[in-house]
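Results of the structural survey
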Amino acid sequence: MKRIICLFLILSVLGICCSCGAKKAQNKPYSNLLTAFDTTVSYTIYDDFSMKEFDDIRAKIHSICTKCDYNFDEYTPSSFVNKFNRDKFAKAYGDDKDILQESIKYSKLTNGAFDITVCPIVNLWGVNTNHFKVPKNVQINHLLPEVDYNQIHLDKNTAHLTKGGKIDLGAIAKGYVADKLVKELKKMNVKSAIIDLGGNIYAIGSKDGKPFRVGIKKPFANNEMSAFVKAKDIAVVTAGIDQRYKERDGKIYPHIIDPKTGRPIDNDLNSVTVISKNATAADALSTGFMVMGLKKGLELANKTKDIEAVFIDRDNKLHLTDGLKQDGNNITVK
């Protein structure tokens, strides 16, 4: 490709941009979008498909996103998560069981820094809503015993919550769905595409023989990039304190809650970008590393197989895992 980038699509909500231009579906490349997971899901297919073939791809993407969005949503009546939170047990098959198993896996890996049972505390603060409030310590302490991923028990096809807690899949669902989409698209012979689930980027293949270029947004800067990742068959997922936050009396309250303290994180990190072929891992670990802070997060990232990460500290200085190298503004996997 003579030009690596035609147009940067700046995704300020989750701090990522990718080098693809959106075009009308009747023209190549084929692009489309839908609303799911409280965000916009967009994708661009660069392969030489017929319109009928693209319609089949579009139908498959819509079906997967719609089904998972329904089952994983806490507030949708009769969804898996809604029933599980209400009854403290539920039949768990297929995706429902798989995402619980993945959640437990990354909770164990991060020693609870990533924990889907933080839901009661998230709801108490209301950081993700228009009803934000700074709760009293007694309110936080009252709910903290309900936050413990060890209370999730899977017995064959039944899931239980033994401490009366609730789950929120918001920090892993988009990554999980991205992996499902990639698997299905490859079955449909898609070899070059960009998928964007509200800032969770997955680059399938390359474009004109060159990797896609995915930007890591500089925290608290308007559309300014800290670096660009050369991405091929890989997910690039960022979690950061500037993505969604509330401000009260001059203090910023990020949407990411520390499961151990019950309070929004307040450490030495502005953002973490995880790079991996496994989008589920990238999604969960970006949040987990943010909670852990720079030293512990970087140490675990370097020990974890098949992932790399870019940590941006409070001075907006970049810290790379050992498997990455930086050449000017570009970051590549060694």
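All values derive from a computational prediction rather than experimental measurement.

**Quick notes on the pattern of salt bridges**
- Within this structure, the stated rule accounts for 12 salt bridges.
- Here D148 and K163 are joined by a salt bridge, their closest N and O atoms 2.7 Å apart. Of the two residues, D148 is situated in the loop between α5 (137-143) and β6 (152-155) and K163 in the loop between β7 (158-161) and α6 (173-187); the sequence distance between them amounts to 15 residues.
- Residue D148 is classed as buried on the basis of its relative accessible area, which comes to 15%.
- Ionic pairing is found between D233 and K186, a salt bridge with its closest N-O pair at 3.9 Å. Of this pair, D233 sits in the loop between β11 (225-231) and β12 (234-240) while K186 sits in helix α6, and the two are 47 residues apart along the sequence.

**A closer look at a nonpolar patch on the surface**
- Judged by side-chain polarity, F220, Y245 and I252 come together as a nonpolar surface patch covering roughly 250 Å² of accessible area.
- Inspection of the secondary structure puts Y245 in strand β13 (residues 245-248).
- Judged by relative accessible area, Y245 falls into the partly exposed class, the value being 33%.

**Some words on the environment of G262**
- Along the chain, the position of G262 falls in the loop between β15 (257-258) and β16 (263-264).
- Taking relative accessible area as the criterion, G262 reaches 0% and is therefore assigned buried.
- Contact partners of G262, with chain neighbours within four places excluded, come to I121, W125, I140, L144 and I257.

**Some words on the side chain of E308**
- Its place among the elements puts E308 in strand β18 (residues 307-313).
- Polar contacts involving the side chain of E308 include one to the side chain of T321, which spans 2.5 Å.
- Look past the residues within four positions of E308 in its chain and what remains in contact with it is T273, V274, I275, T321, D322, G323 and L324.

**Quick look at the pairing of β12**
- Buried residues dominate β12, accounting for 7 of its 7 residues.
- Side chains I234, V236, T238 and G240 project from β12 onto one buried face, and the interleaved A235, V237 and A239 project onto a second face that is buried too.

**Some words on the sheet that holds β6**
- Across the sheet, 3 strands lie side by side as β5-β7-β6; this open sheet has antiparallel pairing. Both outer strands of the open sheet, β5 (89-91) and β6, are each paired with one neighbouring strand and no more. Strand-to-strand, the axes of this sheet are offset by a mean angle of 20 degrees, without reference to chain direction.
- Taken strand by strand, helix α2 (residues 80-87) contacts β5 and β7, and its axis lies near 145 degrees from that of β5.
- In the packing of helix α3 (residues 94-109) onto the sheet, contacts are made with β6 and β7, and the angle to β6 comes to roughly 135 degrees.

**A short note on the confidence of the model for the protein chain**
- Chain-level statistics for the protein chain give a pLDDT mean of 90 and a share of 92% at 70 or above.
- In this model residues 1-26 is a low-confidence stretch, pLDDT under 50, and it forms 81 contacts with partners more than four residues away in sequence or in other chains.

What counts, and at which threshold
- Residues numbered from 1 in each chain as written.
- Predicted model: local features only at pLDDT ≥ 70, side-chain atom pairs only at ≥ 80, totals over all residues.
- Heavy atoms only, no water.
- Salt bridge = Lys/Arg side-chain N within 4 Å of Asp/Glu carboxyl O.
- Helix = DSSP H or I, 4+ residues; strand = E, 2+ residues; numbered from the N terminus.
- Buried < 20%, exposed > 50% of the residue type's maximum accessible area, 1.4 Å probe, protein only.
- Patch = residues over 30% accessible without salt bridge, like charges linked within 9 Å, V, L, I, M, F, W, Y side chains within 5 Å.
- Areas by Shrake-Rupley, 256 points an atom, 1.4 Å probe, with all protein chains shown as cover.
- Contact = heavy atoms within 4.5 Å.
- Polar contact = N/O pair within 3.5 Å; in protein donor to acceptor, adjacent residues only side chain to side chain.
- Pairing = 2+ DSSP bridges.
- Axes fitted to C-alpha atoms, helices over the stretch in contact; angles between N-to-C directions.
- pLDDT = per-residue confidence, 0-100.

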